[in-house]
Amino acid sequence: MIKYSRQDLSEQDISAVVDILRGDLITQGPAVGQFEIAVSKYVGAKHQGVAVNSATSGLHIAYLALDVGVGDIVWTSANTFLATASAALMCGASVDFVDICEQTLNICPVALRSKLRKAASMNRVPKVLTVVHFAGLSCDMKSISELATEFGFAIVEDASHALGASYNGKPVGACEFSEVCVFSFHAIKMITTGEGGMVFARDEGIANRLRRLRSHGVTSNPDEMFIGPDDELWNYQMLEVGFNYRLTDIQAALGTSQLERVDEFVSARNDIAIEYNRAFERAELKTQKVPLDCISSYHLFVIRVTERSRCSRRQLYDHLWDSGIAINFHYIPVYRHPFFEARGFTKGYCPIAETYFRDGISIPLHTQLTRPDFDHVVSSINAVV
Ligand SMILES: *Cc1c(COP(=O)(O)O)cnc(C)c1O
């Protein structure tokens, strides 16, 4: 089977992990800090990133660090992995969904503006909007941040797909237009630590709070401690409820080693995407449009059947599986999951995300896709579309 995605591990990656296993520290130790510094440099972050054991954990503490809680509202894209929304539910907040653009498959600023207008008239403006850079393509951050200023909400970036992507000439992760940005290092994301993630903040106070929430809500900074005149020395103090969301040195060493090849990964994926776009130019298919101010990391490559296609999505899906090509769908609109339907969301809520879910397929795109496999994918698709 040709897989739609797959990790790319080198002998150097493997020996980086083995070196840690032969050393003294295997949980959060110096390798985690080194990994944080390396990714921070790569994305041009103002403050050192906070490594966590998954992007889901990262989103959870991002929301908490922005004081999202009971009574607050978080909005996100209908076209995302459900964790973007469920991490807000973990804080006791309620969630709502914004429809996407037909062309980019990202949150549509026009739909967002009209939804905000309505929400403002009912005093229901969200505290946080989480944008999702779908497939590694940045959202229209300028338009969205103007709306954030006008209506008064904070922006979180779910950049799980977008390490190595850039917007407006800057790497995603620099938090130029957001409060917090979260990356995932799950096996099939741009680089991997097995499971893992990293969170960046624009504000130093938020960055410190993220670091504290990652590890039991504890501080070891004497300036943050409460020490009375009769108190003995404290090593650390718990200031709030936190979690054990730490990454291990084993994982961090893998991440640092993987990061050395991230530009190579991005360019290999872009090369394949260019060839796919060329191959489907005349086929009756649509693909994701990349605006001129964006470089996509191409975590995914999506094709969409249209009215002019000779087959339905279902027929294409079956044909590709029969041809040994393991494809996938990204994503079922989050509110169509039973959990959300039971809470009042209904079919038709975000029509563009629903149409895309009905006609889109993620086809194989990864750094180890061979030329014969690529040719097989293209000819299998063109044979039926
Ligand atoms: C993968 C992914 C997540 C969750 O990442 P984990 O590291 O697996 O927790 C969240 N949002 C999006 C858009 C993702 O693709």
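See the structure shown above.
Residues numbered from 1 in each chain as written. Predicted model: local features only at pLDDT ≥ 70, side-chain atom pairs only at ≥ 80, totals over all residues. Heavy atoms only, no water.

Q: Please explain the nonpolar core as it appears in this structure.
A: For soluble globular proteins, nonpolar side chains are generally found buried alongside one another. By size, the foremost hydrophobic cluster in this structure holds 48 residues, and its most contacted members are Tyr63 and Phe97. In terms of residue count, helix H3 (residues 55-65) provides more of this core than any other element does, 7 residues in total. When sequence neighbours within four positions are dropped, the list of residues in contact with Phe97 reads Thr76, Ser77, Ala78, Ala85, Lys115, Val334, Tyr335, Phe340, Phe345, Tyr349 and Cys350. Listed in part, the 28 residues of the second largest apolar core include Leu163, Val172, Phe200 and Ala253. (Core = buried A, V, L, I, M, F, W, Y, C linked by side-chain atoms within 4.5 Å. Buried < 20%, exposed > 50% of the residue type's maximum accessible area, 1.4 Å probe, protein only. Helix = DSSP H or I, 4+ residues; strand = E, 2+ residues; numbered from the N terminus. Contact = heavy atoms within 4.5 Å.)

Q: Honestly, empty space enclosed by the protein in this entry has me stumped. Any pointers?
A: Which parts of space are left empty comes out when a probe the size of a water molecule is rolled across the atoms. Inspection of every chain in the model, using the stated rule, returns 2 cavities of 30 Å³ or more. Its volume calculated, the largest cavity comes out at about 110 Å³. Lining the largest cavity we find Ser138, Met141, Glu157, Tyr167, Lys170, Pro171, Val172, Gly173, Ala174, Cys175, Glu176 and Phe177. Class assignment of the residues belonging to the lining of the largest cavity gives a composition of 7 nonpolar, 2 polar and 3 charged. Taken as a whole, the second largest cavity encloses approximately 80 Å³ of empty space. In terms of lining residues, the second largest cavity is bounded by 13 residues, among which Arg6, Gln7, Asp8, Lys189 and Met190 are the most central. Classifying every residue of the lining of the second largest cavity by side-chain character gives 5 nonpolar, 4 polar and 4 charged. (1 Å grid on protein atoms, 1.4 Å probe; cavity = no way out; pocket = protein on both sides within 12 Å on 5 of 7 lines; lining within 4 Å. Points joined across faces, edges and corners; volume = space filled by probe spheres on them. Nonpolar A, V, L, I, M, F, W, Y, C, P; charged D, E, K, R; others polar.)

Q: When you look at the sheet that holds strand S3 (residues 94-98) in this model, what are you seeing that I'm missing?
A: Strand pairing within a sheet occurs via backbone hydrogen bonds; the two strands may be parallel or antiparallel. Taken in spatial order, the 7 strands line up as S1-S9-S8-S5-S4-S2-S3 in an open sheet, and their pairing is mixed. On the outer flanks of this sheet lie strand S1 (50-52) and S3, each paired with one strand and no other. With direction set aside, neighbouring strand axes in the sheet form an average angle of 20 degrees. When strand S5 (residues 154-158) meets strand S8 (residues 180-184), the two strands line up parallel, connected through 3 bridges. (Pairing = 2+ DSSP bridges. Axes fitted to C-alpha atoms, helices over the stretch in contact; angles between N-to-C directions.)

Q: Would you explain the site of the ligand in this entry?
A: Around the ligand sit 15 residues, and of these Thr56, Asp158, His161, Ser184 and Lys189 come closest. Here a nitrogen atom of the ligand sits 2.7 Å away from a polar atom, N or O, in the side chain of Asp158. Take Ser160: an N or O atom from its side chain is 3.4 Å from a nitrogen atom of the ligand. Protein chains bury 92% of the 380 Å² of accessible surface belonging to the ligand in isolation. With respect to the pocket detection grid, the ligand is positioned in the largest pocket. Residue classes in the shell around the ligand are distributed as 4 nonpolar, 9 polar and 2 charged. (Near = heavy atom within 4 Å. Polar contact = N/O pair within 3.5 Å; in protein donor to acceptor, adjacent residues only side chain to side chain. Areas by Shrake-Rupley, 256 points an atom, 1.4 Å probe, with all protein chains shown as cover. Sits in = over half its atoms within 2 Å of the grid points.)

Q: Before we go on, may I ask you to explain helix H8 (residues 249-259) in this structure?
A: Counting along an α-helix, one turn takes 3.6 residues, and residues three or four places apart therefore face a common direction. Burial of H8 is extensive: 9 of the 11 residues sit out of reach of the surface. If you check which residues of H8 are buried, you get Asp249, Gln251, Ala252, Ala253, Leu254, Gly255, Ser257, Gln258 and Leu259. Looking at the buried residues of H8, the elements they touch are helix H1 (11-22), helix H2 (30-43) and helix H9 (262-279).

Q: For this particular structure, what's the right way to read the packing of aromatic side chains?
A: Where two aromatic rings form a pair, the distance of their centres and the angle of their planes describe that pair. As enumerated under the stated definition, the model contains 22 aromatic pairs in all. Here Phe183 and Phe200 contribute two aromatic rings whose centre-to-centre distance is 6.0 Å and whose plane-to-plane angle is 80 degrees, an arrangement assigned as edge-to-face. A residue pair is termed long-range when its members are at least 10 positions apart, and Phe183 in strand S8 and Phe200 in strand S9 (residues 197-201) qualify at 17 residues. In this structure, Arg343 packs its charged tip against the face of Phe339, placed 3.6 Å from the ring centre. (Phe/Tyr/Trp six-rings, centres within 6.5 Å; stacked < 30°, edge-to-face > 60°. Lys NZ or Arg CZ within 6 Å of the ring centre and 35° of its normal.)

Q: Looking at this model, I keep getting lost on unusual backbone geometry. Mind explaining?
A: It is generally the case that most residues other than glycine have a negative phi and that most peptide bonds are trans. Residue Tyr331 is bonded to the preceding His330 through a cis peptide linkage, with omega at -5 degrees. Phi at Asp67 is positive, roughly 65 degrees, even though this residue is not glycine. Here Asp67 is to be found in the loop between H3 and strand S2 (73-77).

Q: When you look at the sheet that holds strand S7 (residues 170-171) in this model, what are you seeing that I'm missing?
A: Within the open sheet, the 3 strands sit side by side as S7-S6-S13. Their pairing is antiparallel. With partners counted over all chains shown, the strands left at the sheet margins are S7 and strand S13 (294-295), one partner each. When strand S6 (residues 166-167) meets S13, the two strands line up antiparallel, connected through 2 bridges. Note that in S13 the partner of Ser166 across the bridge is Ile295.

Q: Just checking my understanding: could you explain the environment of His366 for this structure?
A: With respect to the element layout, His366 can be found in the loop between strand S15 (360-363) and helix H13 (371-384). Relative accessible area serves as the criterion here: at 5%, His366 is assigned to the buried category. Note: C-alpha distance between His366 and Thr346 (20 residues apart in sequence) is 35 Å. Not counting residues up to four positions away in its chain, the partners in contact with His366 are Lys3, Tyr4, Ser5, Arg6, Arg269 and Ile272.

Q: What's the story with the packing of H1 against H8 in this structure? I'm lost.
A: Relative to each other, H1 and H8 sit at 150 degrees, their axes nearing to 8 Å. The angle between the axes of H1 and H8 places the two elements in the roughly antiparallel class. Every pair of crossing elements has a handedness; the one defined by H1 and H8 is right-handed. When H1 is examined against H8, the residues Gln12, Asp13, Ala16, Val17, Ile20 and Leu21 are found in contact with a partner set consisting of Asp249, Ile250, Ala253, Leu254, Ser257 and Gln258. Across the contact of H1 with H8, the residue classes break down as 7 nonpolar, 3 polar and 2 charged. (Parallel < 35°, antiparallel > 145°, perpendicular 65-115°, else oblique. Left-handed = near helix turned anticlockwise from the far one by under 90°.)

Shape descriptors only; they carry no functional weight alone.
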